[in-house]
Amino acid sequence: MTPRPRPDDTPKKTGAKKTGAKRTSAKKPAPEDKKPAELPTAGRTADETPADEGAANERAADEKAVKVRDPAGPVPALPVPAGPVPAGSHGPTGATPPAGVGPADRQRLLDGTHHDPHGVLGAHPAPGGVAFRAFRPYALGVTVVTGELRAELRDDGDGFFSGLLPLRAVPDSYRLLVAYEGTVLETEDAYRFLPAIGELDLHLIGEGRHEELWRALGAEPMEHQGVAGTRFTVWAPNARGVRLAGGFNFWDGTGHPMRSLGSTGVWELFVPAIGEGELYKFDIARPDGSRTLRADPMARRTETPPATSSVVHASHHEWHDTEWMARRADRPVHEAPFSVYEVHLPSWRPGLTYRQLADQLPAYVRDLGFTHVELMPVAEHPFGGSWGYQVTGFYAPTARLGTPDDFKYLVDALHRAGVGVLMDWVPAHFPRDEWALAEFDGRPLYEHADPLRADHPDWGTLEFDYGRREVRNFLVANATYWCEEFHIDGLRVDAVASMLYLDYSREPGQWVPNEHGGRENLDAVAFLQEMNATVYRRNPGVVTVAEESTAWDGVTRATDHIGPGGFGGLGFGLKWNMGWMHDSLDYVSHDPVHRKYHHDEMTFSMVYAYSENYVLPISHDEVVHGKRSLVSKMPGDWWQQRANLRAYLAFMWAHPGKQLLFMGQEFAQGAEWSEAHGPDWWLLDPAYGAEPDHRGVRDLVRDLNTRYRGEPALWERDTDPSGFAWITGDSADDNVFAFLRHAADGTPLLAVSHLSPAVRHGYRLGVPEDIPAWHEILNTDTARYGGSDVTNPDPVKPEPTGWHGRAASIQLTLPPLATVWLRPA
């Protein structure tokens, strides 16, 4: 049955809004031996067409799968039939042709506010044949080519072209010849394609449960309905219309309107012949009638800042880390050696690309013995001075250092060197740049609708709306994206405390209590629990680490275990121990003569050491903005500063918890870190007079990691109170701390830190009576580290003299400002 024309003479829409809507199918292709005859000439009526010619025309109309002929060759031309033009229409003569776009649709397409351009443009059944409509601004003419048929469409003005062709059904394929001044382009019609995103994808997006969201939204090069191109999809539920702009259309999206796929808020357009490397943005009509040009929130590649366009990307990297990926889940992280070297990639070796870094960083980290690197944020960000902590491209590695595949190459190289890769991840906030996420489609979308909840008071940024399922999905999928697409081994989640509390950095009256009257951000709690549960379920062996600076209960507790406060755990694997960091740095910054008054700052951490699974972090935050470098925090002259640093590092490596050290501190850099120039590598130049002093500290860090990895006592029971025992924690007058660490099989290691500049001979310490002798395996005062070489070279045997509450004891020589490790001989 022929559909009834709409009042504006535009054929009825085919329901393209709904994914999976089917166009009217043509009949089965005619046999190959049926050749289309010459087509009727323009203006000839049915009564004037000879019977044999009409039969040939019917056969031609039924022909579907005919190869498109070379447009330069002799192809029968079919001009658009002339006919009466309804009054009040909009053509070049003030009228709409029978197959043309009606006034309402026409204006919406011109304004960029059409929700269903595919229902108007393209090929559609119409009385008398098939109506072809094209919207090609700036074109001089458009011709349809399908099989042996070539028909020039009528120019209806404003870039609209239309024609009614005497076909019985919509052809499965056809092409457009678009004439511009000086050239003719042959192309597929973007508006003949069904949606290139599936019903299940849309359902999961609507539910906020699409765990592989990056495969559904963004720019995806693909073959669709047998044609190569790129599918563009974007979530913009408040938009009145969305158009695609890019280098391929000279940044004028007028001719590339996208279609809305119903209540999901997703807009879609498959563009033939667009491939990798193309620049693009979304031209969005906002509810207030204004327009905004936005980068793709799901872009997997971007231009190099300060340029802001998104880039169509497809990965071609072939991974070579199969062995690493297969065994990374063999041992739980909290029961394994885990020492981390924190790196700011752009400034570690300024000027190096990802691939050039891959030639240097893995070898350096492996030589120093660190088990992992932690990369400060890699996701794209507009301002380098933010160090990456104000992200605009959550799915794109920064283009400053290369392509996404280049970054994969670096991760691959680290894995092949036996080094795990952690990445700083920033789901707490995002900047207000007008081309990025802020009021993306004209209204608060990614940020909270309440300005009090949206404004981040510390950084002038916007906080995510964790209560909105699509936003939560955007972030949860992003966490899994880095782990799965880039083989990241762990996410260090930035600024967790700012997410957890409604009153974080806010005064009374600037925040509203939750439904229970409390200050906890229940939406953020639910988001963090979902993120951790999803990451651990999908990626065995991956660890999440919280930078959380408060005493929130259960940061590393399982999400299904309810704590005293009534909340389930957040589900992180590890948590930064900010209390230990501040207390211990405060202690070592005091002159030794005053340290006895601050002794508890070094021991207090053991009061809560097993409340969470901890990392001991000496991060970038502690060596910038006037806080001084790590060695410069130490009191005394240059020798004492280095001695204090060495003793402190060995104390840190022996303390329960994992270790993290920021680049430059491994060789006692004296200046604060700056992203503008990075570490002072010249300090390690043999031509520099003090080079041995810096090399000595680096040699110690290497030996600390080597000894650490070889001593299960230092990591197997990191989260088990049975893995630690004080020998003396109250020798304040002597500035001495001594404790035992125990491996799972009970093997002990004795760590003694003496943070006074004096040498103490015959210093007695209580020890287990079942150990026949102790052997010194590390001494930070050794000459090769730059120390005074006061050591205990011979095995030390216990005496049956009770001390420190133990039946046996040993006597040691304690070097000045040093830490000593001993194990059973």
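In this text the structure is predicted, and so the values were computed from the model without any measurement.

### Brief notes about the overall build of the protein
Turning to step 1, where the next piece is worked out: A tally of helices and strands in the protein yields 17 helices and 36 strands.
Turning to step 2, where the next piece is worked out: Residues classed as buried in the protein amount to 59% of the 825 residues present.
Turning to step 3, where the next piece is worked out: When contacts within the protein are restricted to residue pairs at least 6 apart in sequence, those whose partners lie at least 24 apart make up 72%.
Turning to step 4, where the next piece is worked out: For the protein, the accessible area works out to roughly 31,800 Å², and carbon and sulfur atoms hold 51% of it.

### With respect to the environment of Gly-226
Turning to step 1, where the next piece is worked out: With respect to the helices and strands, the residue Gly-226 is situated in the loop between strand S9 (218–224) and strand S10 (227–235).
Turning to step 2, where the next piece is worked out: Exposure remark for Gly-226: the relative accessible area of 58% places this residue in the exposed category.
Turning to step 3, where the next piece is worked out: Spatially, the C-alpha atoms of Gly-226 and Ser-173 are 9.6 Å apart, while their sequence positions differ by 53 residues.

### Notes on the environment of His-114
Turning to step 1, where the next piece is worked out: By the secondary structure assignment, His-114 is in the loop between helix H2 (103–111) and strand S1 (122–126).
Turning to step 2, where the next piece is worked out: Along the backbone, His-114 and Pro-257 are 143 residues apart, and their C-alpha atoms lie at a distance of 7.4 Å.
Turning to step 3, where the next piece is worked out: A polar contact of 2.8 Å, which involves the side chain of His-114, links it to the side chain of Asp-105.
Turning to step 4, where the next piece is worked out: Within the structure, His-114 has its side chain in polar contact with the backbone nitrogen of Asp-116 (distance 2.9 Å).

### A few points about empty space enclosed by the protein
Turning to step 1, where the next piece is worked out: Per the stated rule, a full pass over the model turns up 11 cavities of 30 Å³ or more.
Turning to step 2, where the next piece is worked out: Space inside the second largest cavity adds up to approximately 110 Å³.
Turning to step 3, where the next piece is worked out: Every residue lining the second largest cavity is counted, 16 residues in all, and those nearest its centre are Thr-302, Thr-308, Glu-380, Thr-392 and Trp-435.
Turning to step 4, where the next piece is worked out: Tallied by class, residues from the lining of the second largest cavity come to 6 nonpolar, 7 polar and 3 charged.

### Considering the sheet that holds strand S22 (residues 429–430)
Turning to step 1, where the next piece is worked out: In spatial order, the strands read S22-S24-S23; together these 3 strands make up an open sheet with antiparallel pairing. One side of each edge strand has no neighbouring strand; the edge strands of this open sheet are S22 and strand S23 (455–456).

### Some details on the pattern of salt bridges
Turning to step 1, where the next piece is worked out: Tallied over the full model, the rule gives 45 salt bridges.
Turning to step 2, where the next piece is worked out: Between Glu-711 and Arg-823 there is a salt bridge, with the nearest N and O atoms lying 2.9 Å from each other. Taken together, the residues Glu-711 in the loop between helix H17 (691–710) and strand S30 (724–731) and Arg-823 in strand S36 (residues 818–824) connect sequence positions 112 residues apart.
Turning to step 3, where the next piece is worked out: The buried category is assigned to Glu-711, whose relative accessible area is 8%.
Turning to step 4, where the next piece is worked out: Accessibility expressed as a relative area gives 27% for Arg-823, which makes it partly exposed.
Turning to step 5, where the next piece is worked out: Ionic contacts of the salt-bridge type, sharing partners, join the residues Glu-211, Glu-212, Arg-215, Lys-408, Glu-484, Glu-485, Arg-537 and Arg-538 into one network.

### Structural notes on helix H10 (residues 469–485)
Turning to step 1, where the next piece is worked out: End to end, H10 covers 23 Å across 17 residues, agreeing with the expected 24 Å (1.5 Å per residue, within 8%).
Turning to step 2, where the next piece is worked out: Across the 17 residues that make up H10, a large majority, 15, are buried.
Turning to step 3, where the next piece is worked out: One or two positions beyond H10, positive phi appears at His-487, with a value near 55 degrees.

### Topic: the environment of Arg-698
Turning to step 1, where the next piece is worked out: Topologically, Arg-698 is positioned in helix H17.
Turning to step 2, where the next piece is worked out: The spacing of Arg-698 and Ala-668 is 30 residues in sequence and 7.8 Å in space, taken between C-alpha atoms.
Turning to step 3, where the next piece is worked out: Discounting residues that sit within four places of it in the chain, Arg-698 has contacts with Tyr-364, Leu-368, Glu-666, Phe-667 and Leu-684.

### Topic: the packing of H10 against helix H12 (residues 522–538)
Turning to step 1, where the next piece is worked out: At a closest axis distance of 10 Å, the pairing of H10 and H12 adopts a crossing angle of 30 degrees. Considered as vectors, H10 and H12 are oriented roughly parallel to each other. Classified by chirality, the crossing of H12 by H10 is right-handed. Only Phe-527, Glu-530, Met-531, Thr-534, Val-535 and Arg-538 of H12 make contact with H10, whose side of the interface consists of Arg-472, Leu-475, Val-476, Ala-479, Thr-480, Cys-483 and Glu-484.
Turning to step 2, where the next piece is worked out: Residue classes in the contact of H10 with H12 are distributed as 7 nonpolar, 2 polar and 4 charged.

### What about the sheet that holds strand S4 (residues 149–152)?
Turning to step 1, where the next piece is worked out: With antiparallel pairing, the 4 strands of this open sheet are ordered in space as S4-S3-S7-S8. Only two strands of the sheet have a single neighbouring strand rather than two, namely S4 and strand S8 (183–188). Averaged over all neighbouring strand pairs, the angle between strand axes comes to 20 degrees, with direction disregarded.
Turning to step 2, where the next piece is worked out: Pairing geometry for strand S3 (residues 141–146) and S4, over 4 bridges, is antiparallel. Opposite Val-144, over in S4, you have Ala-151 as the bridge partner.

Rules used throughout
Residues numbered from 1 in each chain as written. Predicted model: local features only at pLDDT ≥ 70, side-chain atom pairs only at ≥ 80, totals over all residues. Heavy atoms only, no water. Helix = DSSP H or I, 4+ residues; strand = E, 2+ residues; numbered from the N terminus. Buried < 20%, exposed > 50% of the residue type's maximum accessible area, 1.4 Å probe, protein only. Contact = heavy atoms within 4.5 Å. Areas by Shrake-Rupley, 256 points an atom, 1.4 Å probe, with all protein chains shown as cover. Polar contact = N/O pair within 3.5 Å; in protein donor to acceptor, adjacent residues only side chain to side chain. 1 Å grid on protein atoms, 1.4 Å probe; cavity = no way out; pocket = protein on both sides within 12 Å on 5 of 7 lines; lining within 4 Å. Points joined across faces, edges and corners; volume = space filled by probe spheres on them. Nonpolar A, V, L, I, M, F, W, Y, C, P; charged D, E, K, R; others polar. Pairing = 2+ DSSP bridges. Salt bridge = Lys/Arg side-chain N within 4 Å of Asp/Glu carboxyl O. Expected span 1.5 Å × (residues − 1). Axes fitted to C-alpha atoms, helices over the stretch in contact; angles between N-to-C directions. Parallel < 35°, antiparallel > 145°, perpendicular 65-115°, else oblique. Left-handed = near helix turned anticlockwise from the far one by under 90°.

The analysis is restricted to geometry; functional conclusions fall outside its scope.
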